[in-house]
Amino acid sequence: DTGVSQNPRHKITKRGQNVTFRCDPISEHNRLYWYRQTLGQGPEFLTYFQNEAQLEKSRLLSDRFSAERPKGSFSTLEIQRTEQGDSAMYLCASSLADREETQYFGPGTRLLVL
Amino acid sequence: AQSVTQLDSQVPVFEEAPVELRCNYSSSVSVYLFWYVQYPNQGLQLLLKYLSGSTLVESINGFEAEFNKSQTSFHLRKPSVHISDTAEYFCAVRWDTGFQKLVFGTGTRLLVSP
């Protein structure tokens, strides 16, 4: 299977703990995106990378959130000092950077902060 | 501000009936348009897209959508739905402004009953 993969699929944590999610994009894709989806809403953009460079960040991405893509392949999204409001589905997508860019999504990581 | 509106949060329909899911967006600046489908506890799957060319685009499972620039709409239609079409459908727009993110609507839950 050459689609976007995300790990873990589910994460339950206690408030105040740190969590890290991983995304492996489609192998030839040079762009990688993170979105957050809360219950009953559409996904909201958080940040994106072109190769290893983080090019855009949403105001939703507070200083407790950090994302990396160190070698331009997989990416990690870390949330420090989790809050109950961080409970959501975190979606990763990847694409090829061209004019007709299409983003392909992974299955998501569902986070529950108790 | 760029926004995507899906006015219908839920659309109930009987099997084999036609359906239309509506999507409007905020600006007529050059856009790229997408419909994604989400099954419970899963990520988003690309259903169809409009990038350029013919304003009527089709998916492999019988859905179609028409780009209407004057009405800034991209409604999704299917002439005869199946039980298996029950899912959440999201309209997404990428404006050709140099920003790569997708802006999503809040989704429409299609409920197909026998």
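Residues numbered from 1 in each chain as written. Chains lettered and ligands numbered in written order. Predicted model: local features only at pLDDT ≥ 70, side-chain atom pairs only at ≥ 80, totals over all residues. Heavy atoms only, no water.

1. Some details on the overall build of chain B
Moving on, step 1. The secondary structure content of chain B amounts to zero helices and twelve strands.
Moving on, step 2. Along chain B, helices and strands appear, N-terminal first, in the series β-β-β-β-β-β-β-β-β-β-β-β.
Moving on, step 3. In terms of overall dimensions, chain B is globule-like: its C-alpha atoms have a radius of gyration of 14 Å, near the 13 Å expected for 114 residues.
Moving on, step 4. In chain B, 58% of the contacts between residues at least 6 apart in sequence involve partners at least 24 apart.
Moving on, step 5. Of the roughly 5400 Å² of accessible surface on chain B, a fraction of 51% belongs to carbon and sulfur atoms.
Moving on, step 6. For chain B, the distance from the average position of its 8 positive side-chain charges to the average position of its 10 negative side-chain charges is 10 Å. (Helix = DSSP H or I, 4+ residues; strand = E, 2+ residues; numbered from the N terminus. Rg over C-alpha atoms; globule rule 2.2 N^0.38 Å. Contact = heavy atoms within 4.5 Å. Areas by Shrake-Rupley, 256 points an atom, 1.4 Å probe, with all protein chains shown as cover. Lys, Arg positive; Asp, Glu negative; His and termini not counted. Charge placed at Lys NZ, Arg CZ, Asp CG, Glu CD.)

2. So, the sheet that holds strand β7 (residues 65–68) of chain A
Residue and element names in this part refer to chain A.
Moving on, step 1. Read across the open sheet, the four strands follow the order β1-β3-β8-β7; overall the sheet is antiparallel. Two strands close off the open sheet at either side, each with one partner strand: β1 (5–7) and β7. When the angles between neighbouring strand axes are averaged without regard to direction, this sheet yields 15°.
Moving on, step 2. Direction of pairing for β7 relative to strand β8 (residues 75–79): antiparallel, over a ladder of four bridges. Directly across from Ser 66, in β8, lies its bridge partner Glu 78. (Pairing = 2+ DSSP bridges. Axes fitted to C-alpha atoms, helices over the stretch in contact; angles between N-to-C directions.)

3. A look at the interface of chain B and chain A
Moving on, step 1. In this assembly, 22 residues from chain B lie in contact with 24 residues from chain A.
Moving on, step 2. Buried area between chain B and chain A, both sides added, is near 1800 Å², and the carbon and sulfur share of it is 49%.
Moving on, step 3. For the pair chain B and chain A, the number of links is eight residue pairs in polar contact (both at pLDDT 80 or more).
Moving on, step 4. Those elements giving two or more residues to the side of chain B that touches chain A turn out to be β5 (31–38), β6 (44–50) and β10 (87–95) of chain B.
Moving on, step 5. It is β5 of chain B that provides the largest number of residues to the side of chain B that touches chain A, a total of four residues.
Moving on, step 6. Residue composition of the side of chain B that touches chain A, grouped by class: ten nonpolar, eight polar and four charged. (Buried area = accessible area lost by both parts, 1.4 Å probe. Polar contact = N/O pair within 3.5 Å; in protein donor to acceptor, adjacent residues only side chain to side chain. Nonpolar A, V, L, I, M, F, W, Y, C, P; charged D, E, K, R; others polar.)

4. Side note on the state of the cysteines
Where two cysteines share a covalent bond between their sulfur atoms, that bond is called a disulfide.
Moving on, step 1. Taken as a whole and assessed by the stated rule, the structure comprises two disulfides over all chains.
Moving on, step 2. A sulfur-sulfur separation of 1.8 Å characterises the disulfide bridge that pairs Cys 23 of chain A with Cys 92 of chain A. Given an S-S torsion of about -65°, the disulfide between Cys 23 of chain A and Cys 92 of chain A has left-handed geometry. Of this pair, Cys 23 of chain A sits in strand β3 (residues 19–24) while Cys 92 of chain A sits in strand β9 (residues 88–95), and the two are 69 residues apart along the sequence. Exposure class is identical for Cys 23 of chain A and Cys 92 of chain A. Each is buried.
Moving on, step 3. The disulfide that involves Cys 23 of chain B links it to Cys 91 of chain B, with 1.9 Å between the sulfurs. In this structure the cystine formed by Cys 23 of chain B and Cys 91 of chain B twists about its S-S bond by roughly -65°; its chirality is therefore left-handed. Here Cys 23 of chain B, found in the loop between β3 (19–21) and β4 (24–25), pairs with Cys 91 of chain B, found in strand β10; they are 68 residues apart in sequence, far enough to count as distant.
Moving on, step 4. A relative accessible area of 0% places Cys 23 of chain B in the buried class. (Disulfide = S-S within 2.5 Å. Buried < 20%, exposed > 50% of the residue type's maximum accessible area, 1.4 Å probe, protein only.)

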